Amino acid sequence: MRRHITFDRLHNFRDLGGYPAADGRTVRWGRLFRSDSLGKLRDQDWDRFLTLGVRTVIDLRHPWEAERSGRVPHHPSLAYHNLSIEHRPYDQAALGPDVEPARYLADRYAEVAHDGVKELRRALEIVAGDTGPLVFHCHSGKDRTGLLAMLVLALIGVHEDDIAADFALTGLATEHLVAEWHAGYPHLTLRWPAYGRAPAGIMSLFMAELTVRYGSVRGYAAQRLGVDDDLVAALRGQLLTP
């Protein structure tokens, strides 16, 4: 199966299936997706999206982002949850060229990991309790989406190298994300060369620093989010092959 799913207006929609996980099992294909903003869905893209059978959407953006840029279209088959995990907004496009991406973004992810505990816990509960295909997204499908993807994949036993490599797949969409920014803000200058880029080292650094502080990503989830063995078992039951 293809990890990247082609849309006209979405540039970073992909399936998280196929990764080796706990107990020799693998992540189920067609069960968990990550994406850039679903507010761009319309016309043939909307038809393609519906064929995936998605039943639940978790929108990780601020409510004002969803209002400004649009949310996934209403549909009777879809449950929609807006869980803004980021409490301290920042503007990557306005950063100067001297800002080192790995250190800067790892620090921002750490902020989200500690500010957004309520929302992250709720997102995990939704994933663990949902029996149908689910997608979570933010604006570009890179940072907030990447953090939640890391957390889910780590808890179901996917190796950190595979998690970092999955994060880096956003790089295939970077050109489109940059072009989209220029189209949306023609009067502004994009100053940060790292905008839209996703080197694996960013996620590796973030996971390593969680491990130093909490012993592991699962240790972080247990100590900060209250994730217990039952929730981990529920996640694995929903997302992994038998």
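Our subject is the structure that appears above.
Please read these numbers as outputs of a predicted model, since none were measured by experiment.

Student: Would you mind going over unusual backbone geometry in detail, with residue names and values included?
Tutor: Despite not being glycine, D23 shows a phi value in the positive range, around 60°. Structurally, D23 can be placed in the loop between strand 1 (14–15) and strand 2 (32–35). Overall, D23 belongs to the exposed group, its relative accessible area being 67%. A positive phi is found at D43, a non-glycine position, where the angle reads about 55°.

Student: Describe the environment of L50, naming the residues involved and giving the relevant values.
Tutor: For L50, the position within the fold is in helix 1 (residues 43–51). Sequence spacing of L50 and H75 is 25 residues, and the spatial spacing of their C-alpha atoms is 9.5 Å.

Student: I'd like a rundown of the packing of aromatic side chains, residues and numbers included.
Tutor: For the structure on display, the rule yields eleven aromatic pairs. On the basis of an interplanar angle of 55° and a centroid distance of 5.0 Å, the ring pair of F7 and F13 is categorised as tilted. F13 shares its class with F7; the two are buried. Between the aromatic rings of W46 and F49, the centroid separation amounts to 5.7 Å while the plane-to-plane angle is 15°, which identifies the pairing as stacked. Here the residue W46 and the residue F49 both occupy positions in helix 1, the gap between them amounting to three residues, near one helical turn. Overall, W46 belongs to the buried group, its relative accessible area being 14%. An aromatic cluster is defined as three or more aromatic residues linked by ring pairs; in this entry it consists of F7, F13, F33, W46 and F49. Directly above the ring of Y19 sits R3, whose terminal nitrogen or CZ lies 4.1 Å from the centroid. A cation over an aromatic ring shows up here: R108 above the ring of Y104, its NZ or CZ 4.6 Å from the ring centre.

Student: Account for the sheet that holds strand 4 (residues 79–82), naming residues and giving values.
Tutor: Ordered by their spatial adjacency, five strands build an open sheet running 1-2-5-3-4, and the pairing between neighbours is mixed. Across the chains shown, the open sheet's two edge strands, defined by having one partner strand only, are strand 1 and strand 4. Inspection of the sheet shows strand 3 (residues 56–59) paired to strand 5 (residues 134–137) by four bridges, in the parallel sense. Pairing of V57 across the sheet is with V135, part of strand 5. Set on the sheet, helix 5 (residues 143–155) makes contact with strand 2 and strand 5; between it and strand 2 the angle comes to about 160°.

Student: Tell me what's going on with helix 6 (residues 160–168), and back it up with residues and numbers.
Tutor: Along helix 6, the residues that are buried comprise I163, A164, D166 and F167. Around the axis of helix 6, the buried residues are gathered within 160° of arc, so they sit on the same side. Among the structural elements, strand 1, strand 2, helix 3 (101–115), helix 5 and helix 8 (200–214) are those in contact with the buried residues of helix 6.

Student: I'd like a description of the environment of L240, backed by residues and values.
Tutor: Along the chain, L240 falls in the segment after helix 10 (229–239). In sequence terms L240 and W46 are 194 residues apart; their C-alpha atoms lie 27 Å from each other. What L240 contacts, discounting residues up to four positions off in sequence, is A21, A22, R25, T26, V27, R28 and I156.

Student: Before we move on, could you go through the pairing of strand 5 and cite the residues and values that matter?
Tutor: Covered by surrounding structure in strand 5 are L134 and F136 together with V135 and H137, the residues of both alternating faces. Of the pairings in the sheet, the one linking strand 2 to strand 5 comprises four bridges and is parallel in character. From the neighbouring strand, L32 faces strand 5, where its bridge partner is L134.

Student: Explain the pairing of strand 3 to me, and be specific about the residues and the numbers.
Tutor: Because side chains alternate across strand 3, one face comprises the buried residues T56 and I58, and the other comprises V57 and D59, equally buried. For the crossover from strand 3 across helix 2 (residues 63–69) to strand 4, the handedness is right-handed.

Student: Hey, could you go over the nonpolar core for me, with residue numbers and the actual values?
Tutor: Grouped together as the largest cluster of nonpolar side chains are 59 residues, with contacts concentrated most on I58, L124, F136, L151, F206 and Y220. Mapped onto this core, the elements with two or more residues apiece are helix 3, helix 4 (117–129), strand 5, helix 5, helix 6, helix 8, helix 9 (217–225) and helix 10. Ranked by the residues each element gives to this core, the list is headed by helix 5, at eight residues. L10, V54, L78 and V135 belong to the second-largest nonpolar core, a separate cluster that totals 14 residues.

Cut-offs and rules
- Residues numbered from 1 in each chain as written.
- Predicted model: local features only at pLDDT ≥ 70, side-chain atom pairs only at ≥ 80, totals over all residues.
- Heavy atoms only, no water.
- Helix = DSSP H or I, 4+ residues; strand = E, 2+ residues; numbered from the N terminus.
- Buried < 20%, exposed > 50% of the residue type's maximum accessible area, 1.4 Å probe, protein only.
- Phe/Tyr/Trp six-rings, centres within 6.5 Å; stacked < 30°, edge-to-face > 60°.
- Lys NZ or Arg CZ within 6 Å of the ring centre and 35° of its normal.
- Pairing = 2+ DSSP bridges.
- Contact = heavy atoms within 4.5 Å.
- Axes fitted to C-alpha atoms, helices over the stretch in contact; angles between N-to-C directions.
- Arc of directions from axis to C-beta.
- Right-handed = clockwise from strand over helix to strand, strands pointing away.
- Core = buried A, V, L, I, M, F, W, Y, C linked by side-chain atoms within 4.5 Å.

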